Amino acid sequence: MGLSFNVRLVVVFGLCWTCTATLFRCPADWREYQDHCYFFSTDNKNWNDAQAHCASKGGNLASVLDRDEQSYLTSRTWRWIGLWRENANSEWMWTDGSPFAPSVTFWASGRPDNLGGNENCGEASGSVWNDYRCSFLQGYICKKQALARSSTTKKPAAAVQTTTLPMTPPPTTKICGSACSSNQTGCSCKLDMNEEAGWGKSLTGVLTGLSVDRTIVISGKAQANAEKLSIILSESNPDEIMLRLELNFELQTATLESYKTDKQFKKLPGQVPFGAGLDFKIVIKCKDDAFSLTFNNSDDAPTNWNYDEVGDLKRVNRLTVTFAKMVTVLLQ
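These figures come from a predicted structure and were not determined experimentally.

*Asks:* Could you clarify how one ought to interpret the packing of aromatic side chains in this entry?
*Replies:* Geometry of an aromatic ring pair is reported as the spacing of the ring centres plus the angle between the planes. Applying the stated criterion to the full structure yields 14 aromatic pairs. Relative to Y72, the ring of Y33 has its centre 4.3 Å away and its plane inclined at 5 degrees; by these criteria the two rings are stacked. Within this pair, whereas Y33 is found in strand β1 (residues 31–33), its partner Y72 is found in helix α3 (residues 67–72), the two being separated by 39 residues in sequence. Owing to a relative accessible area of 25%, Y72 belongs among the partly exposed residues under this scheme. An aromatic cluster is defined as three or more aromatic residues linked by ring pairs; in this entry it consists of W92, W94, F100, F106, W107 and W129. When the ring centre of F40 is taken as reference, the NZ or CZ atom of R31 above it lies at 4.3 Å. The cationic tip of K144 hangs over the ring face of W30; the distance from NZ or CZ to the ring centre is 4.5 Å.

Structure representation (structure tokens):
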């Protein structure tokens, strides 16, 4: 005996309701993965404001509890996650209360390094984490429990622990090119480094000039097959180079030159060698008449590279780093 039209209509609507309840377990602007919902922001916030925003949506900044979850959260740009500590002497924690397991971490090589002495918040990019200043403005990832799958019995979603942290906000870190330009002193900012079109192994940051007493801290990892590392400070015309620093890994030497002066050669300090696949840190301080360079926190006297006049500093608007990855540039 066939079903009546009314009965068939009820069955159809019942099936559609079941489908809707099963498919839409996360809000429209969230993504579902392994019984959790994830929100990838399109705006920038400091770490504390990002956590508050996640809490307002019923979640927290994302915890990362295994390699599969880390792989899912892979992003080409740095984003805040729920990793934090009260100070340099405290243990790292997750904002959602998940246990922090030191055996399941994805720190980049040499991290956390607490560069500058005030890096108490965690960020993620690609497959690695980094510690950074909580006041920096950037994207973030929220996480919360997905709704239950059952379509026959509606149960309230499990309560989500949200965290409002009793942290004293650190001094504001301004964004390069906005309230804190590269030619100012007295403020710090993180320079955005992007892959340069046509240069598969180069990262470039845009500067608005430099000034006396400005310090550039460049850290990262040399590419695994690299034979050298190159850092260039130049004007609008890429040929007008104020400083070209090239590190030869085989010879452990540094070559310095500009478009106005002859080359200078220097033996690199041996305490922490430079090499393919190794971490590096180069500090360039702008002085009255020279760049002062320090390599890998060496105890050796800084290397000075003279330039003609302070006015030359104001024309520097490009920083290029070649044959490196995971590069972080901090202007202090």
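*Asks:* Would you explain the sheet that holds strand β19 (residues 303–306) in this entry?
*Replies:* Neighbouring strands of a sheet are bound in pairs by backbone hydrogen bonds; such pairs are parallel or else antiparallel. One open sheet holds the six strands; their spatial order is β9-β21-β12-β17-β18-β19, and the pairing between them is antiparallel. Two strands lie at the open edges of the sheet, namely β9 (189–191) and β19, each paired on one side alone. With strand direction ignored, the average angle separating the axes of adjacent strands in the sheet is 25 degrees. Note that strand β17 (residues 279–286) and strand β18 (residues 290–295) share five bridges and pair antiparallel. Looking at the pairing, C286 lines up with F291 of β18.

*Asks:* Sorry if this is basic, but what is going on with empty space enclosed by the protein here?
*Replies:* If you roll a probe as big as a water molecule over the atoms, it shows you where there is empty space left. For the coordinates displayed, the defined rule picks out four cavities of 30 Å³ or more. Approximately 50 Å³ is the volume attributed to the second largest cavity. Along the walls of the second largest cavity sit R111, D113, L115, E119, N130, D131, Y132, S219 and T328, which together make up its complete lining. Counting residues per element, the lining of the second largest cavity draws most heavily on strand β7 (residues 128–132), at three residues. Each residue belonging to the lining of the second largest cavity can be placed in one class, and the counts come to two nonpolar, three polar and four charged.

*Asks:* Can you walk me through the nonpolar core in this structure?
*Replies:* If you look at soluble globular proteins, the nonpolar side chains tend to sit buried side by side. Counting 41 residues, the largest nonpolar core has I218, L247, I282, F291 and L319 as the members making the most contacts within it. Sequence-distant contacts of I218, that is, excluding residues within four places in its chain, are made with I231, F280, K281, I282, I284, L319, V321, V327, T328 and V329. Counting 20 residues, the second largest nonpolar core, distinct from the first, contains C37, C54, L115 and C142.

*Asks:* I'm lost on the state of the cysteines in this one. Help?
*Replies:* Covalent bonding between the sulfur atoms of two cysteines is what defines a disulfide. Enumeration over the complete set of coordinates arrives at four disulfides. Bridging C121 to C134, the disulfide has an S-S length of 2.0 Å. Residues C121 and C134 are joined through a disulfide that is right-handed, its torsion about the S-S bond being 100 degrees. Placement of the pair is C121 in strand β6 (residues 121–125) and C134 in the loop between β7 and β8 (139–145), with a sequence separation of 13 residues. For the pair C121 and C134, a shared accessibility class is recorded, and that class is buried. Paired through a disulfide, C180 and C187 show a sulfur-sulfur distance of 2.0 Å. Measuring the twist about the S-S bond at about 85 degrees, one finds the C180-C187 disulfide to be right-handed.

About the cut-offs
Residues numbered from 1 in each chain as written. Predicted model: local features only at pLDDT ≥ 70, side-chain atom pairs only at ≥ 80, totals over all residues. Heavy atoms only, no water. Phe/Tyr/Trp six-rings, centres within 6.5 Å; stacked < 30°, edge-to-face > 60°. Helix = DSSP H or I, 4+ residues; strand = E, 2+ residues; numbered from the N terminus. Buried < 20%, exposed > 50% of the residue type's maximum accessible area, 1.4 Å probe, protein only. Lys NZ or Arg CZ within 6 Å of the ring centre and 35° of its normal. Pairing = 2+ DSSP bridges. Axes fitted to C-alpha atoms, helices over the stretch in contact; angles between N-to-C directions. 1 Å grid on protein atoms, 1.4 Å probe; cavity = no way out; pocket = protein on both sides within 12 Å on 5 of 7 lines; lining within 4 Å. Points joined across faces, edges and corners; volume = space filled by probe spheres on them. Nonpolar A, V, L, I, M, F, W, Y, C, P; charged D, E, K, R; others polar. Core = buried A, V, L, I, M, F, W, Y, C linked by side-chain atoms within 4.5 Å. Contact = heavy atoms within 4.5 Å. Disulfide = S-S within 2.5 Å.

Any functional reading would require information that these geometric values do not contain.
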